[in-house]
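# Coordinate analysis (summary)
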Amino acid sequence: QVPLVESGGGEVQAGGSPRLSCVASRAILSTFVTYDMGWYRQAPGKARELVARMTKDGRVIYADFVEGRFTISKNNGRKTVYLQMSSLKPEDTAVYYCNARTPTSPTDSWGQGTQVTVSS
């Protein structure tokens, strides 16, 4: 598995535009480019759910609730995946987790999560 470290969460006002980052600092660059990376979130009392995912080939999928407000991107040179969020709503409040899916591991890797709290 790959250690992942998220950052960029915190308290934001509704309508805010924070950017989350997830670094796989211990990954070797030649293998990081083979990872599918994603962002998930978990609100209190709810199951973890997909927010956005980017395959190694750059294909992207978003959850329906994103509605064009979030953008996932990846910088292979920095071994980092980002989630640029905008037009945040209180219902976006959750712990956001970074996820890596590698071709050589039967299980996904997860970061420790970063809390995003949106106040109205």
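This text goes with the structure placed above it.
## Notes on the state of the cysteines
For the structure shown, the criterion picks out one disulfide. One disulfide in the model links Cys22 with Cys98; its S-S distance is 2.0 Å. For the disulfide bridge between Cys22 and Cys98, the dihedral angle about the S-S bond is near -80°, and by the sign convention the bridge is left-handed. Of this pair, Cys22 sits in strand β3 (residues 19-23) while Cys98 sits in strand β9 (residues 94-101), and the two are 76 residues apart along the sequence. Exposure remark for Cys22: the relative accessible area of 1% places this residue in the buried category.

## Side note on the nonpolar core
The nonpolar side chains of soluble globular proteins are, as a tendency, buried together. Of all hydrophobic cores here, the largest spans 29 residues; its most connected members are Met37, Trp39, Leu83 and Tyr96. Mapped by element, the contributors of at least two residues to this core are β3, β4 (36-42), β5 (49-54), β7 (70-75), β8 (80-85), β9 and β11 (114-119). No other element matches β9, which puts four residues into this core. Once residues within four sequence positions are removed from consideration, Met37 is found in contact with Leu4, Cys22, Phe32, Arg53, Met54, Ile72, Lys74, Val81, Cys98, Asn99 and Ala100.

## Side note on the sheet that holds strand β1 (residues 5-7)
Pairing in this open sheet of four strands is antiparallel, and the strands run β1-β3-β8-β7 from one edge to the other. Only two strands of the sheet have a single partner each, and these edge strands are β1 and β7. Averaged over neighbouring strand pairs, the angle between their axes works out to 15° when direction is ignored. Of the strand pairs in this sheet, β3 and β8 are connected by five bridges, and their pairing is antiparallel. Pairing of Ser21 across the sheet is with Tyr82, part of β8.

## Topic: the environment of Val118
Along the chain, Val118 falls in strand β11. The residues touching Val118, leaving out its near neighbours within four places in the chain, are Val12, Gln13, Ala14, Leu88, Lys89, Pro90, Asp92 and Thr93.

## Here we look at the packing of aromatic side chains
Under the counting rule described, the total for this entry stands at two aromatic pairs. Judged by centre distance (5.5 Å) and plane angle (70°), the rings of Phe32 and Tyr35 are edge-to-face. Residue classification places Tyr35 among the buried residues on the basis of a relative accessible area of 6%. When the ring of Tyr40 is compared with that of Trp110, the centres are 5.0 Å apart and the planes differ by 70°; the resulting orientation is edge-to-face. With Tyr40 in strand β4 and Trp110 in strand β10 (residues 109-110), this pair connects stretches of sequence that are 70 residues apart.

Rules of the game
- For every chain, the first residue of the written sequence is number 1, and numbering continues from 1 along that sequence.
- With the structure being a predicted model, the display of local features is reserved for residues of pLDDT at least 70 and the display and counting of side-chain atom pairs for 80 or more, all residues being used for whole-chain, interface and lining totals.
- Excluding hydrogens and water, the side-chain values take into account all heavy atoms of the structure.
- Cysteine sulfur pairs qualify as disulfides if the two atoms are within 2.5 Å.
- Put simply, DSSP H or I for four residues or longer makes a helix, DSSP E for two residues or longer makes a strand, and each gets a number counted from the N terminus.
- The cut-offs for exposure are 20% and 50% of the maximum accessible area for each residue type, with area from a 1.4 Å probe on protein chains only; residues under the lower value are buried, those over the upper are exposed, and the others partly exposed.
- Only buried Ala, Val, Leu, Ile, Met, Phe, Trp, Tyr and Cys residues count toward a nonpolar core, and they belong to the same one when joined by side-chain atoms within 4.5 Å.
- Contacts are assigned to residue pairs that have any heavy atoms within 4.5 Å of one another.
- Should DSSP find at least two bridges between two strands, the strands are taken to pair.
- The convention used is that axes are lines fitted to C-alpha atoms, helices contributing only their stretch in contact, and that angles between N-to-C directions extend from 0 to 180 degrees.
- Two rings from Phe, Tyr or Trp (for Trp, the six-membered ring) form a pair when their centres are within 6.5 Å of each other. A pair whose planes differ by under 30 degrees is stacked, one over 60 is edge-to-face, and the rest are tilted.

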